[in-house]
Amino acid sequence: MTFQYQRLAEQLSQKIYQHELQPQQKLSSLREFARQQKISLSTAQQCYELLEAKGLIYVKPKSGYFVSSRQYQSPVPESPKFESMPRRVSNLELQNQIQTASIQSHLTPLGAIQLSPHLIPVDGLRRSLQRALKHCQPEDFLYCNKQGHLQLRQALSDHWREDGIYIAPDDIFISNGCMPALSLLIQQMSREGDSIIVPTPTFNGQLQLLAGLKRKIIEIPADHQGIDLERLEYFMQQGSAKLCLLTANFQNPLGYCLSNQQKQKIAELAQKYQCFVLEDDIYAECSFQKERPLPIRYWDQQGYVIWCGSVSKSLSSAYRVGWFCLGQQLQHLRPALLANNVGVNTPLQLGLADFIYSRAYREHLERLRPALMQQVEQYRACILEQFQGIPIALSQSSGGYALWMQLPNTITGLELYYRAQQYGINIVPGEVFGEDQRYQHFLRLNAGHALTDEIRQAIQQLADWVRESLMSKLS
């Protein structure tokens with residue numbers, strides 16, 4: 001259960017992290033804050049005391065409360081300029097090698113983006129699975145409906161409705177995770193050799209998937225503020241591609257969250273040029289704010305946006321349950337999608353449905369968001385402290401837990417990746433997030449695990465290696 005003072009502290013923390021409240025800025029007095037928020041003085045005091053305990057604010061005797069200075073600051077990473085054109089993913093072998101390494105459990109986990117077990121509600125999931133098995137019907141032990149169990153589809157529909165997203169259960173298809181859903185849709189909606197529009201840098205797993213399916217890509221520039229919508233519209237209008245693969249909320253690796261105006265614009269462009277958008281919305285429930293950001297699908301009027309997701313980032317990477325939501329333009333694909341969709345474990349579906357209906361999932365998200373926000377900020381502070389004096393840039397988003405880091409121009413992420421592997425540290429070099437080695441001086445780091453002494457030491461080692469390399473190149 002989240003108390004009111006904790007929710008208010010979360011809101012103020014977000015404003016501090018996003019620089020809406022500047023260092024040394026004076027906050028409202030306790031009495032004024034209580035009046036503004038229509039809360040008791042004791043609740044206001046608990047809120048400020050929590051922020052003070054986190055080191056985000058401090059009190060000056062007889063002067064009031066002020067925002068703390070953040071000792072370590074950094075610019076956001078740059079986004080290289082490039083020309084967009086249809087092309088094949090050229091580094092599939094490297095993609096496969098790095099993907100395999102990123103999930104090796106014996107390595108320090110700075111690679112694959114996944115939550116630490118300490119953030120996963122294991123006991124609650126166990127109880128939901130036990131209740132689901134106890135109340136199973138005999139037919140639940142036969143082959144499951146390939147669209148997914150109705151109980152889970154109804155649970156998801158009801159869950160999303162609380163966030164203002166309205167999807168009928170009959171339009172929801174359950175899959176073995178988000179990537180299998182994307183793979184199935186891409187194969188049904190395009191052919192080998194077709195081009196698919198992607199923002200760059202983009203999730204390396206998606207590029208690996210497209211390369212394996214023998215699809216070409218058209219890269220659209222993206223930065224910490226979002227996607228180049230002018231170039232997106234140009235290629236939609238040209239008809240060079242009839243399919244886009246986009247993430248609007250806390251994109252991996254940049255972490256941007258598109259504004260509602262940008263999302264609405266993309267939905268309108270998709271309809272205008274009849275270019276379908278596959279929306280991978282896997283991080284939306286990992287927002288640092290209380291409200292879940294809306295997907296592009298919310299503004300879709302004609303069914304040109306296919307909304308996909310899973311609980312792998314918000315609940316557990318081992319819980320392989322995802323979905324996609326079909327719009328009216330693609331109802332003719334329903335028979336083919338049903339024929340080719342791989343059935344999902346029925347007890348697992350029913351366990352997730354119970355977890356949603358019992359409110360355990362909603363309560364988990366309420367606990368997860370402030371915990372993630374604090375943890376990601378701890379990672380940023382640790383990285384900037386260890387790399388102090390080294391010219392780096394580091395992303396800062398309002399959700400998700402991927403960190404995108406720009407290294408000095410004489411240091412390559414691949415060089416650092418191979419060295420880290422030798423010492424049992426896993427990171428992902430920027431080269432696999434786009435073509436032409438334009439991200440060779442970048443890294444992506446996972447901030448989903450608790451910042452343990454082992455991880456602090458690994459970050460320190462990365463910084464020490466960069467310093468050594470810079471010194472050797474200067475001498």
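Residues numbered from 1 in each chain as written. Predicted model: local features only at pLDDT ≥ 70, side-chain atom pairs only at ≥ 80, totals over all residues. Heavy atoms only, no water.

A.B. asks: If you had to explain the packing of aromatic side chains to someone new, which residues and values would you point to?
C.D. replies: A complete count under the given rule lists 17 aromatic pairs for this structure. On the numbers, 5.2 Å between centres and 45 degrees between planes, the contact of Tyr-423 with Trp-465 is tilted. Within this pair, whereas Tyr-423 is found in the loop between helix H14 (413–422) and strand S15 (425–426), its partner Trp-465 is found in helix H15 (residues 453–474), the two being separated by 42 residues in sequence. On the basis of relative accessible area, Tyr-423 is assigned to the partly exposed category, the value being 48%. Put simply, the rings of Trp-404, Phe-433, Tyr-439 and Phe-442 touch in pairs and so form one group of aromatic residues. In this structure, Arg-231 is placed above the aromatic ring of Phe-82, and the distance from its NZ or CZ to the ring centre is 5.7 Å. Positioned above the aromatic ring of Phe-82, the side-chain terminus of Arg-438 is 3.9 Å from the ring centre. (Phe/Tyr/Trp six-rings, centres within 6.5 Å; stacked < 30°, edge-to-face > 60°. Helix = DSSP H or I, 4+ residues; strand = E, 2+ residues; numbered from the N terminus. Buried < 20%, exposed > 50% of the residue type's maximum accessible area, 1.4 Å probe, protein only. Lys NZ or Arg CZ within 6 Å of the ring centre and 35° of its normal.)

A.B. asks: Outline helix H8 (residues 204–212), listing residues and values.
C.D. replies: The element H8 is extensively covered by neighbouring structure, given that eight of its nine residues are classed as buried. Phi for Lys-214, located one or two positions after H8, is positive at around 60 degrees.

A.B. asks: Break down the side chain of Asp-280 for me, with residues and values.
C.D. replies: In this structure, Asp-280 sits in strand S10 (residues 276–280). Here Asp-280 occupies a buried position and makes no salt bridge, while the nearest side chain of opposite charge, Lys-313, is found at 8.9 Å. Side-chain polar atoms of Asp-280 contact the side chain of Gln-206, separated by 2.9 Å. With residues up to four places along the chain from it excluded, the contact list for Asp-280 reads Cys-178, Leu-182, Gln-206, Leu-246, Thr-247 and Cys-308. (Lys, Arg positive; Asp, Glu negative; His and termini not counted. Salt bridge = Lys/Arg side-chain N within 4 Å of Asp/Glu carboxyl O. Polar contact = N/O pair within 3.5 Å; in protein donor to acceptor, adjacent residues only side chain to side chain. Contact = heavy atoms within 4.5 Å.)

A.B. asks: Could you give me a rundown of the sheet that holds strand S13 (residues 393–394), with the residues and numbers involved?
C.D. replies: Read from one edge to the other, the open sheet built from four strands follows the order S13-S14-S17-S16, with strand pairing classed as antiparallel. A single partner strand is all that each edge strand has here, and the edge strands are S13 and strand S16 (428–429). In this structure, S16 lies alongside strand S17 (residues 442–446), joined through two bridges in antiparallel fashion. Paired with Pro-429 across the bridge in S17 is Leu-443. (Pairing = 2+ DSSP bridges.)

A.B. asks: Would you mind going over the pairing of strand S11 (residues 305–310) in detail, with residue names and values included?
C.D. replies: Of all six residues that make up S11, six are buried, and the element is covered over most of its length. Taken together, the four bridges between S10 and S11 define a ladder with parallel strand orientation. Opposite Val-277, over in S11, you have Val-305 as the bridge partner. The pairing of S11 with strand S12 (residues 322–325) spans four bridges and is antiparallel. By the bridge assignment for S12, Gly-309 is matched with Trp-323.

A.B. asks: So what's going on with the nonpolar core? Residues and values would help.
C.D. replies: Core analysis: the largest hydrophobic core is formed by 135 residues, its most contacted members being Leu-110, Phe-387 and Ile-427. Among the nonpolar cores identified, the runner-up in size contains 18 residues, and Leu-30, Ile-39, Leu-51 and Ile-57 belong to it. (Core = buried A, V, L, I, M, F, W, Y, C linked by side-chain atoms within 4.5 Å.)

A.B. asks: Residues and numbers for unusual backbone geometry, please.
C.D. replies: Cis rather than trans, the peptide bond between Thr-200 and Pro-201 has omega equal to 5 degrees. Mapped onto the elements of the fold, Pro-201 is located in the loop between strand S6 (195–200) and H8. Residue Pro-253 follows Asn-252 across a cis peptide bond; omega there is 20 degrees. As for its position among the elements, Pro-253 is in the loop between strand S9 (243–246) and helix H10 (260–273). The residue Gln-24 is not glycine, and still its phi comes out positive at about 75 degrees.

A.B. asks: Give me the lowdown on the pairing of S10, citing residues and values where you can.
C.D. replies: Of all five residues that make up S10, five are buried, and the element is covered over most of its length. The side-chain alternation of S10 yields two buried faces, one formed by Phe-276, Leu-278 and Asp-280 and the other by Val-277 and Glu-279. In this sheet, S10 lies alongside S9 in parallel orientation, the contact comprising four bridges. Each residue of the ladder has a partner; that of Leu-245, found in S10, is Leu-278.

A.B. asks: Outline the pattern of salt bridges, listing residues and values.
C.D. replies: Considering all chains together, one arrives at 17 salt bridges under this definition. Taking the shortest distance from any N to any O, the salt bridge between Arg-131 and Asp-354 comes out at 2.7 Å. With Arg-131 in helix H5 (residues 122–134) and Asp-354 in helix H12 (residues 346–357), this pair connects stretches of sequence that are 223 residues apart. With its nearest N and O atoms 2.8 Å apart, the salt bridge here joins Arg-292 to Asp-281. A residue pair is termed long-range when its members are at least 10 positions apart, and Arg-292 in the loop between S10 and S11 and Asp-281 in the loop between S10 and S11 qualify at 11 residues. What you see here is one network of salt bridges that share partners, running through Arg-87, Glu-219, Glu-435, Asp-436 and Arg-438.

A.B. asks: Any chance you could break down the packing of helix H4 (residues 92–102) against H14 for me, citing the residues and the numbers?
C.D. replies: Relative placement of two packed helices is described by the angle separating their axes and the distance separating the axes. H14 packs onto H4 with a crossing angle of 40 degrees between their chain directions and a minimal axis gap of 13 Å. The pairing of H4 with H14 is recorded here as oblique in orientation. As H4 runs across H14, the sense of the crossing is left-handed. Contact residues: H4 offers Leu-94, Gln-97, Ile-98 and Ala-101, while H14 offers Leu-414, Tyr-417, Tyr-418 and Gln-421. (Axes fitted to C-alpha atoms, helices over the stretch in contact; angles between N-to-C directions. Parallel < 35°, antiparallel > 145°, perpendicular 65-115°, else oblique. Left-handed = near helix turned anticlockwise from the far one by under 90°.)

A.B. asks: Run through the environment of Leu-184, naming residues and quoting values.
C.D. replies: Relative to the helices and strands, Leu-184 resides in helix H7 (residues 178–189). The spacing of Leu-184 and Pro-429 is 245 residues in sequence and 28 Å in space, taken between C-alpha atoms. Those residues in contact with Leu-184, other than ones at most four positions away along the chain, are Phe-324, Leu-337, Asn-340 and Asn-341.

A.B. asks: Go over H10 with me, naming the residues and quoting the values.
C.D. replies: Along an α-helix, a turn takes 3.6 residues, which lines up residues three or four apart on a common side. For H10, which comprises 14 residues, the first-to-last C-alpha distance of 20 Å matches the rise-based estimate of 20 Å (1.5 Å per residue) to within 8%. Buried residues of H10: Lys-263, Ile-266, Ala-267, Leu-269, Ala-270 and Tyr-273, and no others. For H10, the angular spread of buried residues about the axis comes to 160 degrees, placing them on one side. Turned more than 90 degrees from where H10 packs its buried face, Gln-261 and Lys-272 sit exposed. Elements in contact with the buried residues of H10: strand S8 (226–227), helix H9 (229–238), S9 and S10. Phi turns positive one or two residues past the end of H10, at Gln-274, with a value near 50 degrees. (Expected span 1.5 Å × (residues − 1). Arc of directions from axis to C-beta.)

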